[in-house]
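# Observations on the model geometry
The chain contents come next:
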Amino acid sequence: MLIPFDDNYFMKKALQEAETAFEKGEIPVGAVIVIDNKIIARAHNLTQTLNDVTAHAEMQAITAAANFLGGKYLRGCTLYITLEPCQMCAGALYWSQISNVVYAAKDEQRGYKKMGGKLHPKTIIKGGVMEEEASMLLKKFFIQKRNLN
């Protein structure tokens, strides 16, 4: 019998990706995409590493999941992301028709809600899963960054 994992289990995996980003000097945002209780994509921010403003964790994860599935639509998939998607990522998630988005911390300044972005009308959104852990990692990153400058 398949025992389903809960949101915290998969968000912990996304947080591990965020930690990897932190270690690389990237803004610590991590993502995993899950289908049928199985992780099919893992990613973290790579904007500095790739010198590419579009290399957000969500964008990397969408590409990896689509490659895994052999198609551009992510119906039946859930994205676990440590920070509320931005407007750009919300647009990509919209076009992917992903079924669920679960995020940890809100992005009060650049989140898709604040910026007027939209997800697909059939996408179910849930926020606040392990919000404190994700927020603490982001704060730690920016405090460290300020102290280095």
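Residues numbered from 1 in each chain as written. Predicted model: local features only at pLDDT ≥ 70, side-chain atom pairs only at ≥ 80, totals over all residues. Heavy atoms only, no water.

### Let's talk about unusual backbone geometry
Let me state the cut-off plainly: Note on conventions: DSSP H or I runs of at least 4 residues are helices, E runs of at least 2 residues are strands, and numbering of each starts at the N terminus. For every residue, the accessible area obtained with a 1.4 Å probe (protein chains only) is divided by the maximum for its type, and the residue is called buried under 20%, exposed over 50%, and partly exposed between those limits.
The phi dihedral of Asp 36 is positive, around 50°, even though this residue is not glycine. Tracing the chain through its elements places Asp 36 in the loop between strand E1 (30-35) and strand E2 (38-44). Judged by relative accessible area, Asp 36 falls into the exposed class, the value being 67%. Backbone geometry places Asn 37, a non-glycine residue, at a positive phi of 70°. Secondary-structure assignment places Asn 37 in the loop between E1 and E2.

### Focus: the pairing of strand E3 (residues 77-83)
Counted only if it meets this: Following DSSP output, two strands are said to pair if at least two bridges run between them. Looking down the strands as they point away from you, a crossover is right-handed if its path from the first strand over the helix to the second goes clockwise.
Counting buried positions along E3 gives seven out of seven residues, so the element sits mostly inside the fold. Sheet topology note: the E1/E3 ladder contains five bridges and is antiparallel. In the sheet register, Ala 31 faces E3, and the bridge partner there is Ile 81. In this sheet, strand E4 (residues 100-105) lies alongside E3 in parallel orientation, the contact comprising five bridges. Each residue of the ladder has a partner; that of Tyr 80, found in E4, is Val 102. At this point the chain moves from E3, through helix H3 (residues 87-96), to the parallel E4, and the crossover so formed is right-handed.

### A word on the UniProt feature "binding site: Zn(2+)" (unreviewed entry) in the protein chain
Rules: UniProt positions are given in the numbering used here, feature names are shortened, and annotations may be inferred rather than shown by experiment. Note on contacts: a residue pair is in contact if any heavy atoms of the two residues lie within 4.5 Å. Here a polar contact is recorded for every N or O atom pair within 3.5 Å, except that within protein the pair must consist of a potential hydrogen donor and a potential acceptor, and residues adjacent in sequence are included only if both atoms are side-chain atoms.
Taking the UniProt record as the reference, the feature "binding site: Zn(2+)" (unreviewed entry) is found at His 56, Cys 86 and Cys 89. A maximum C-alpha distance of 9.2 Å is found for the annotated residues, which run over 34 residues; spatially they form one tight group. Mapped onto the elements, His 56 comes out in the loop between E2 and helix H2 (57-69). Those residues in contact with His 56 that sit more than four places away from it in its chain are Asn 45, Thr 47, Cys 86, Met 88 and Cys 89. Polar side-chain contacts of His 56 include one of 3.3 Å to the backbone oxygen of Val 53. Mapping Cys 89 onto the fold places it in helix H3. Overall, the relative accessible area of 0% leaves Cys 89 in the buried class. Apart from residues lying up to four places away in sequence, Cys 89 is in contact with His 56, Glu 58 and Met 59.

### Describing the UniProt feature "domain: CMP/dCMP-type deaminase" (unreviewed entry) in the protein chain
In the numbering used here, UniProt assigns the feature "domain: CMP/dCMP-type deaminase" (unreviewed entry) to residues 7-104. With 41% helix and 26% strand, residues 7-104 has end C-alpha atoms that lie 10 Å from one another.

### Remarks on the packing of H2 against H3
Which entries qualify depends on this criterion: Angles run from 0 to 180 degrees between N-to-C directions of axes, and those axes are lines fitted to C-alpha atoms, restricted for helices to the stretch in contact. We call two directions roughly parallel when the angle between them is under 35 degrees, roughly antiparallel when it is over 145, roughly perpendicular when it lies between 65 and 115, and oblique otherwise. Put simply, a crossing is left-handed when the front helix is turned counterclockwise from the back one by less than a right angle, and right-handed when it is turned clockwise. The classification used treats Ala, Val, Leu, Ile, Met, Phe, Trp, Tyr, Cys and Pro as nonpolar, Asp, Glu, Lys and Arg as charged, and all other residues, Gly among them, as polar.
Between H2 and H3, whose axes approach to 9 Å, the crossing angle comes to 20°. One element, H2, and the other, H3, form an angle in the roughly parallel class. The element H2 and its partner H3 pack so that their crossing is left-handed. Contacts between H2 and H3 pair Glu 58, Met 59 and Ile 62 from the former with Met 88, Cys 89, Ala 92, Leu 93 and Ser 96 from the latter. Here the contact of H2 with H3 is composed, by residue class, of six nonpolar, one polar and one charged.

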